[in-house]
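Notes for the structure review
Spelled out, the chains give:
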Amino acid sequence: MTTAVIGAQWGDEAKGKITHFLARDAHYTVRFNGGPNAGHTVKDRHGTAKLHHIPVGTLHEGCKGVLGHGMVIDPWTLQDELAALEAQGRPRPKLGFSDRVHLILPHHKLREQVQGSAQRIGTTCRGIGPCYEDRAGRRGLRLGELDEEDTVRAALGAGIAELEAAGCKDPYDVEKVLRDLQEFNEQAREQVGDMRAEVEAALASGRRVIFEGAQGTLLDLDWGTYPYVTSSSTTVHGVGWGTGIRSEQLTEVIGVVKAYTTRVGEGPFPSEDNGAAGEQLRERGGEYGTTTGRPRRCGWLDLVALRYACRINGFTGLALTKLDVLSGLSEVNLCVAYRTSAGTVEDFPAASRELSSVAPVYESLPGWNEDIGGTRCEDELPRAARRLLSLVGDFVGVRVSLVGVGPAEEEIVVID
Ligand code: GDP
Ligand code: IMO
Ligand code: MG
């Protein structure tokens, strides 16, 4: 079984926890998109790990993590991430970096501020957009080029010249950045190579490989709520784009969906609840960003958006997470259609302006009061919770096969 784990909403669906669960017997976990904009949380016996670049499967001994060429990596924050894992007493993860992966350089983060995308889009300010822009503009720097000092100097020089033209004087010390990059290059040298070939060989010899998506379908550069999106391919189509693996090599695609919806940053969100229910979801669900600490916008589960994500990704199963957060609500709303000035629609529109103007049509279900954190099998779930699971599965045409009932690694229900 070769599995892709994909966010079905606007990120933070608990992909980290689900990937960690599925990677128990995996030999490889492969990230294919994004970079330190991602924040994937795993709670295990060592504590709470917050991973930004490092594939979560590496928290299991014997599972190697691959950073595929569709990612963008920040050597400085990557070192911090490794140090935080070490401070928790965890063994150093086994990693492999694609030599084609692009580097986030100090001018990318500064350019993001100058461009104002932090305000306009609500980005994570990690330099993600500018780095992908340079990649597409054919002026980026790839990890495999760090031995070429003239290439590195040219990339830094061009980045600085652009900032200076925008009025940013002496933005950073080039010589220091150059030294840091050379040091990183020496440390990482043995781990850098053709990761497509390595993953292909692993698949050919029957190894279990999990592809770990970052962000979610509705943040995809093309399929998401453009322009309020990230700069990479976040859907199952990103697996080939960011690793070189062919789609027929995937046998399972798990869509991860929260039992409600959250969004960080700007952009349309039809089922957002700015009242007491949204506040309750934020507090009970601990909905504050893993990467930036920002409060997440909260609202009800949007089945129109979820069905759209199912169609794009061809999910073979759904992992419905944070069901425990709904315990204690007298009723649970599910958005089943959108009301527009022209009538009711059941499809997710491409245009953000159109999506901003729709009103949600809700179906309300009775809630439940039981604490479900200790539940380990479907039969033990309250009847109202089971009804919610079957309604979701029927609406979108994909079965819920995993249910998250708490943040800890064992707090999961497998539905056969
Ligand atoms: P990701 O970016 O998709 O990996 O998700 P995040 O890690 O950013 O956010 C998910 C948050 O929910 C983390 O704090 C997890 O520890 C927590 N979490 C994961 N699964 C569950 C669950 O089933 N119930 C509860 N209450 N919390 C969960
Ligand atoms: P994980 O992997 C939630 C959002 C930002 C912003 C938009 C663009 O933890 O689910 P960027 O910095 O990528 O240019 O910001 O995308 N965003 C995320 N939201 N979870 C994430 O990652 C996100 N990564 C980016 O808030 O709206
Ligand atoms: Mg996250």
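All values reported here derive from a predicted model rather than from experimental measurement.

**Some remarks on the overall build of the protein**
Helix and strand content of the protein: 13 helices and 20 strands. Here the C-alpha radius of gyration of the protein, 21 Å, is about what a compact globule of 416 residues would show, namely 22 Å. Judged by the C-alpha coordinates and their principal axes, the protein covers about 65 × 50 × 40 Å. Going through the 416 residues of the protein one by one, you find that 57% of them count as buried. In the protein, of all internal contacts separated by at least 6 residues, the share reaching a separation of at least 24 is 75%. Computed over 46 positive and 58 negative side-chain charges, the inter-centroid distance for the protein is 1 Å.

**Here's the deal with the site of ligand 2**
As a structural note, the neighbourhood of ligand 2 is formed by 20 residues, with Asp12, Lys15, His40, Thr124 and Thr230 the closest of them. Note that an oxygen atom of ligand 2 is positioned 2.7 Å from one of the side-chain N or O atoms of histidine 40. Between ligand 2 and glycine 122 there is a distance of 3.3 Å, counted from an oxygen atom to a backbone nitrogen or oxygen. Coverage of ligand 2 by the protein amounts to 97% of the 550 Å² it exposes when considered alone.

**Thoughts on the packing of aromatic side chains**
For the coordinates displayed, the defined rule picks out four aromatic pairs. Between tryptophan 10 and phenylalanine 269, the ring centres sit 5.3 Å apart and the planes meet at 50°, which makes this aromatic pair tilted. Taken together, the positions of tryptophan 10 in the loop between strand S1 (3-7) and helix H1 (15-22) and phenylalanine 269 in the loop between strand S12 (261-263) and helix H10 (276-285) put the pair 259 residues apart, joining distant regions of the chain. The two residues tryptophan 10 and phenylalanine 269 agree in class, both being buried. Here arginine 24 stacks its cationic end above the ring of phenylalanine 21, 4.0 Å away from the centre of that ring.

**A look at the pattern of salt bridges**
Any two side chains of opposite charge can pair if their charged atoms end up close together. The final tally for this structure, using the stated rule, is 25 salt bridges. A salt bridge links glutamate 200 to arginine 196, with the nearest nitrogen and oxygen atoms 2.8 Å apart. Placement of both glutamate 200 and arginine 196 in helix H8 (residues 195-204) is noted, with a separation of four residues, approximately one turn of the helix. Take arginine 196: its relative accessible area is 35%, and that puts it in the partly exposed class. Taken together, the salt bridges that share partners define one network made up of Asp12, Lys258, Glu287, Arg296 and Lys322.

**A closer look at the coordination of the magnesium ion (ligand 3)**
Each protein donor to the magnesium ion (ligand 3) is listed here as Asp12 (OD) and Gly39 (O); together their distances run 2.1 to 2.2 Å. Of this pair, aspartate 12 sits in the loop between S1 and H1 while glycine 39 sits in the loop between strand S2 (28-31) and strand S3 (40-44), and the two are 27 residues apart along the sequence.

**What to know about helix H7 (residues 174-188)**
An ideal rise of 1.5 Å per residue puts 21 Å on 15 residues; H7 measures up with 21 Å between its terminal C-alpha atoms. What H7 keeps buried is the set Val177, Leu178, Leu181, Phe184, Asn185 and Ala188. The arc that holds every buried residue of H7, seen down its axis, measures 125°, which confines them to one face. Within H7, the exposed residues directed more than 90 degrees away from the buried face are Arg179 and Glu183. Of the residues flanking the start of H7, the one acting as N-cap is aspartate 173, its side-chain oxygen 3.1 Å from the backbone nitrogen of glutamate 175.

**Focus on the domain arrangement of the protein**
Domain annotation for the protein reports domain 1 (2-98 + 192-249), domain 2 (102-188) and domain 3 (258-414). The distance between the C-alpha centroids of domain 2 and domain 3 comes to 37 Å. Of the roughly 390 Å² buried at the junction of domain 2 and domain 3 (both faces included), carbon and sulfur atoms supply 46%. Summed over the shared surface of domain 2 and domain 3, the number is zero salt bridges. The tally of links from domain 2 across to domain 3 stands at two residue pairs in polar contact (both at pLDDT 80 or more). Its residues assigned to classes, the side of domain 2 that touches domain 3 comprises one nonpolar, four polar and two charged.

**Quick look at the side chain of arginine 31**
With respect to the element layout, arginine 31 can be found in strand S2. We note that arginine 31 is buried and unpaired, the nearest opposite charge coming from glutamate 212 at a distance of 5.0 Å. Within polar-contact distance, the side chain of arginine 31 engages the backbone oxygen of glycine 35 at 3.4 Å. A polar side-chain atom of arginine 31 sits 2.9 Å from the main-chain carbonyl oxygen of histidine 52. Arginine 31 has contacts with Ala38, His40, His52, His53, Pro55, Val66, Leu67, Gly68, Met71, Glu212 and Ala214, leaving out every residue within four places of it along the chain.

**Overview of the sheet that holds strand S5 (residues 64-67)**
Pairing within the open sheet is mixed, and its 10 strands lie in the order S9-S7-S5-S2-S10-S1-S11-S15-S19-S20. Of all strands in the sheet, those bounded by a partner on one side alone are strand S9 (192-193) and strand S20 (412-414). Docked against the sheet, helix H13 (residues 383-396) engages strand S15 (317-321) and strand S19 (400-404), running at close to 140° with respect to S15.

Rules used in this analysis
- Residues numbered from 1 in each chain as written.
- Chains lettered and ligands numbered in written order.
- Predicted model: local features only at pLDDT ≥ 70, side-chain atom pairs only at ≥ 80, totals over all residues.
- Heavy atoms only, no water.
- Helix = DSSP H or I, 4+ residues; strand = E, 2+ residues; numbered from the N terminus.
- Rg over C-alpha atoms; globule rule 2.2 N^0.38 Å.
- Buried < 20%, exposed > 50% of the residue type's maximum accessible area, 1.4 Å probe, protein only.
- Contact = heavy atoms within 4.5 Å.
- Lys, Arg positive; Asp, Glu negative; His and termini not counted.
- Charge placed at Lys NZ, Arg CZ, Asp CG, Glu CD.
- Near = heavy atom within 4 Å.
- Polar contact = N/O pair within 3.5 Å; in protein donor to acceptor, adjacent residues only side chain to side chain.
- Areas by Shrake-Rupley, 256 points an atom, 1.4 Å probe, with all protein chains shown as cover.
- Phe/Tyr/Trp six-rings, centres within 6.5 Å; stacked < 30°, edge-to-face > 60°.
- Lys NZ or Arg CZ within 6 Å of the ring centre and 35° of its normal.
- Salt bridge = Lys/Arg side-chain N within 4 Å of Asp/Glu carboxyl O.
- Donors = N, O, S within 2.8 Å, 3.2 Å for Na, K, Ca; no water.
- Expected span 1.5 Å × (residues − 1).
- Arc of directions from axis to C-beta.
- Domains from an automatic or database assignment.
- Buried area = accessible area lost by both parts, 1.4 Å probe.
- Nonpolar A, V, L, I, M, F, W, Y, C, P; charged D, E, K, R; others polar.
- Pairing = 2+ DSSP bridges.
- Axes fitted to C-alpha atoms, helices over the stretch in contact; angles between N-to-C directions.

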